[in-house]
2 protein chains.
Amino acid sequence: MNHQQPNYDNLSLFQKLQQELARIIEETPAGERLQSEPELAASLGVSRATLREAMRSFEGQGLIRRRQGVGTFVLDHRQNIETGLEVLESIETQAHRVGLDVKMGYLDINKVKSDVDLAKKLGINQDEEAIRVSRVIWVADRPVAFLVDTIIPGILDEKDLSNGFTGSVLDLIIKRGKPELSHSKTEVIASPAPSEIAKKMQIQRGDVLLKLDALLFDKTGRMIDYSQSYFIPGFMKFEVIRSIGK
Amino acid sequence: MNHQQPNYDNLSLFQKLQQELARIIEETPAGERLQSEPELAASLGVSRATLREAMRSFEGQGLIRRRQGVGTFVLDHRQNIETGLEVLESIETQAHRVGLDVKMGYLDINKVKSDVDLAKKLGINQDEEAIRVSRVIWVADRPVAFLVDTIIPGILDEKDLSNGFTGSVLDLIIKRGKPELSHSKTEVIASPAPSEIAKKMQIQRGDVLLKLDALLFDKTGRMIDYSQSYFIPGFMKFEVIRSIGK
DNA sequence: CTTTATCCTATTGTCAGACAAGTAAATTTG
DNA sequence: CAAATTTACTTGTCTGACAATAGGATAAAG
């Protein structure tokens, strides 16, 4: 007899399970106990081993706490899943979730010959031509972000960026489906606004901006995109869950 | 017969396993394959199920990639484990690891009656007295950080902070062992330097600082400490691994 | 000889069932 | 009534199995 479940769509069982679990955790008030592992596993239609693998990842995010002999409890989260820096999503996606309208003002697309620094960062050869997309993002009639993406050759061309481009390179690649994205390594910096950026964001040169410097990787570990994002402080909230080591 | 392993010290099997795995991943060059799960499990003395739980957490951090039918591969990491924001450690601990000397200049300890905002933040009653510790951290003869911790009553007293206090409330509580710490929820902000802080850090008022606003939780989910940390840009690197949702 | 289809093997993905260990409440005992 | 014990339930871990996948080896077809 066959005990296993067939994989009907291309989402892995584990990924679907993660989504389900995230929903359950989110809907459970902080402090309350979850169903026991055998119960949950049964009701979700997976084995306890698979369920436990998924639980680990949520424990690592500080969303639940497990106590042997007692149970698994939901910690105080308040939309960590949505607002946490650890999930990579575009500003558009984040803004839409909270019902805000996002517009793109000023868009500049051009090719840049990569100098030695950029070549090293992106893992391409010097003098290869990368595509650079710069734009200002407006939310609720205020400029809130200035974004610059530098994308390795062969991923996008100008055509992709001309019709129906909403301002998010990330969303564009995700919608395309290839290459399959994995994660980004993001450095967090405080930076005074350079004059060109200050002008486009209608602020003073030297005003304080939060900058996220990110390298985007696909599932094979290849670098796809080097993205620099400048944010007006206070408008968006960036949070991280930091766990005690050991 | 007993198949299980006894728990000799108070580190859980899983936690020890995580440390071992982190070491192995770190020592394996990027792109190379790890031993197969059955081999690794055997050589680490754990079952494959337990090993897989630990693997999941590293996969979630973008450190490894697993491919069914092929194997598990190490991605390009470069000390993510050490410098990543997702692990909570004191500046002292981070600086010591890279061989830098840390000194504390200016230390101020006093009690503050919590107003309505602070009480709400820390989950204590209004007018309860919290302890506030402010200090400047010098590294290599330069002020690099200004730290303010506000700690709920009953955790520390002035005595703890007078003898042998090195500047890190976090390390102090960890060394103590109680309460057992779990994680912090940290907000990342760009902030101009307030004049009092600017003076103590020998910079200009309004200069750009990176600020980390953190709430520290113990394992029961109780808030312990509200910590505000201001950093001179460029000296420390703060990185986050962000994963694609779904 | 080249190309295509098939088989084989190693690897991760998932499962079922078991026992160990910790916790809290109920029960028994003094 | 208080302390000790039992009991029931929970998470932690182990074992051994089979499913699904991918890549190389091998055989068949042209």
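The paragraphs below set out a description of the structure included in this document. Everything numeric here is computed off the predicted structure, so don't read it as measured data.

A separate point is helix H8 (residues 169–176) of chain B. Residue and element names in this part refer to chain B. Regarding H8, the residues found buried are Val-169, Leu-170, Leu-172 and Ile-173. The buried residues of H8 occupy one face: seen down the axis, they fall within an arc of 165°. Sitting at the amino-terminal end of H8 is Ser-168, which places a side-chain oxygen 3.4 Å from the backbone nitrogen of Leu-170. Gly-177 lies just past H8 and shows a positive phi near 90°.

Spatial ordering of the open sheet is given by E3(A)-E10(B)-E7(A)-E8(A)-E9(A)-E6(A)-E5(A)-E4(A), a layout of eight strands whose pairing is mixed. Strands with a single pairing partner mark the edges of an open sheet, and in this sheet they are strand E3 (87–88) and strand E4 (102–113) of chain A. As defined by bridge partners, E3 of chain A adjoins strand E10 (residues 238–244) of chain B across two bridges and the pair is classed as parallel. Looking at E10 of chain B, one finds that Val-87 of chain A is bridged to Ser-243 of chain B. Sheet strands touched by helix H8 (residues 169–176) of chain A: E3, strand E5 (129–139), strand E6 (142–151), strand E7 (181–192), strand E8 (208–218) and strand E9 (223–231) of chain A together with E10 of chain B. Its angle to E7 of chain A, the strand with the most contacts, is close to 180°.

Another point: the relation of the copies chain B and chain A. Once turned by 180° and shifted 0.0 Å along the axis, chain B lies on chain A with an RMSD of 0.1 Å. The two molecules are tied by a two-fold rotation axis, judged by turn and shift. Interface overlap between copies: 100% of the residues of chain B at the interface are likewise at the interface in chain A, consistent with a symmetric, same-surface contact.

Our focus in this paragraph is the interface of chain B and chain A. Contacts between the two partners involve 50 residues from chain B and, on the opposite side, 50 residues from chain A. Buried area between chain B and chain A, both sides added, is near 4,900 Å², and the carbon and sulfur share of it is 58%. Looking at the side of chain B facing chain A, the largest losses of area belong to Lys-185, Arg-242 and Ile-244 of chain B, adding up to 17% of the total buried there. Where chain B packs against chain A, one counts four salt bridges. A salt bridge links Glu-53 of chain A to Arg-56 of chain B; the shortest N-O distance between them is 2.7 Å. Elements supplying a minimum of two residues to the side of chain B that touches chain A: helix H1 (13–27), helix H3 (48–60), strand E3 (87–88), H8, strand E7 (181–192), strand E8 (208–218) and E10 of chain B. Among the elements that line the side of chain B that touches chain A, the one with the most residues is E7 of chain B, at 12 residues. Judged from the six bridges that link them, strand E10 (residues 238–244) of chain A and E7 of chain B form a sheet pairing that is antiparallel. Looking at E7 of chain B, one finds that Arg-242 of chain A is bridged to Ser-184 of chain B.

This paragraph deals with the protein's contact with DNA strand C. Within the structure, DNA strand C sits among 28 residues, and Ser-47 and Thr-50 of chain A together with Glu-37, Arg-48 and Arg-52 of chain B are positioned closest to it. Considering the 4 Å shell around the protein, atoms of DNA strand C inside it are sugar or phosphate in 69% of instances. Within the side chain of Arg-48 of chain A, a nitrogen or oxygen atom sits 3.4 Å from a base nitrogen of DNA strand C. Contact distances for DNA strand C include 3.2 Å between a base oxygen and a backbone N or O atom of Gly-69 of chain B. Per-element accounting of the surface near DNA strand C gives the leading share, three residues, to H3 of chain B. Split by residue class, the surface near DNA strand C holds six nonpolar, 13 polar and nine charged.

Thresholds, definitions, all that
- Residues numbered from 1 in each chain as written.
- Chains lettered and ligands numbered in written order.
- Predicted model: local features only at pLDDT ≥ 70, side-chain atom pairs only at ≥ 80, totals over all residues.
- Heavy atoms only, no water.
- Buried < 20%, exposed > 50% of the residue type's maximum accessible area, 1.4 Å probe, protein only.
- Helix = DSSP H or I, 4+ residues; strand = E, 2+ residues; numbered from the N terminus.
- Arc of directions from axis to C-beta.
- Polar contact = N/O pair within 3.5 Å; in protein donor to acceptor, adjacent residues only side chain to side chain.
- Pairing = 2+ DSSP bridges.
- Contact = heavy atoms within 4.5 Å.
- Axes fitted to C-alpha atoms, helices over the stretch in contact; angles between N-to-C directions.
- Least-squares fit on C-alpha atoms with pLDDT ≥ 70 in both.
- Buried area = accessible area lost by both parts, 1.4 Å probe.
- Salt bridge = Lys/Arg side-chain N within 4 Å of Asp/Glu carboxyl O.
- Near = heavy atom within 4 Å.
- Nonpolar A, V, L, I, M, F, W, Y, C, P; charged D, E, K, R; others polar.

Structural measurements only, silent on function.
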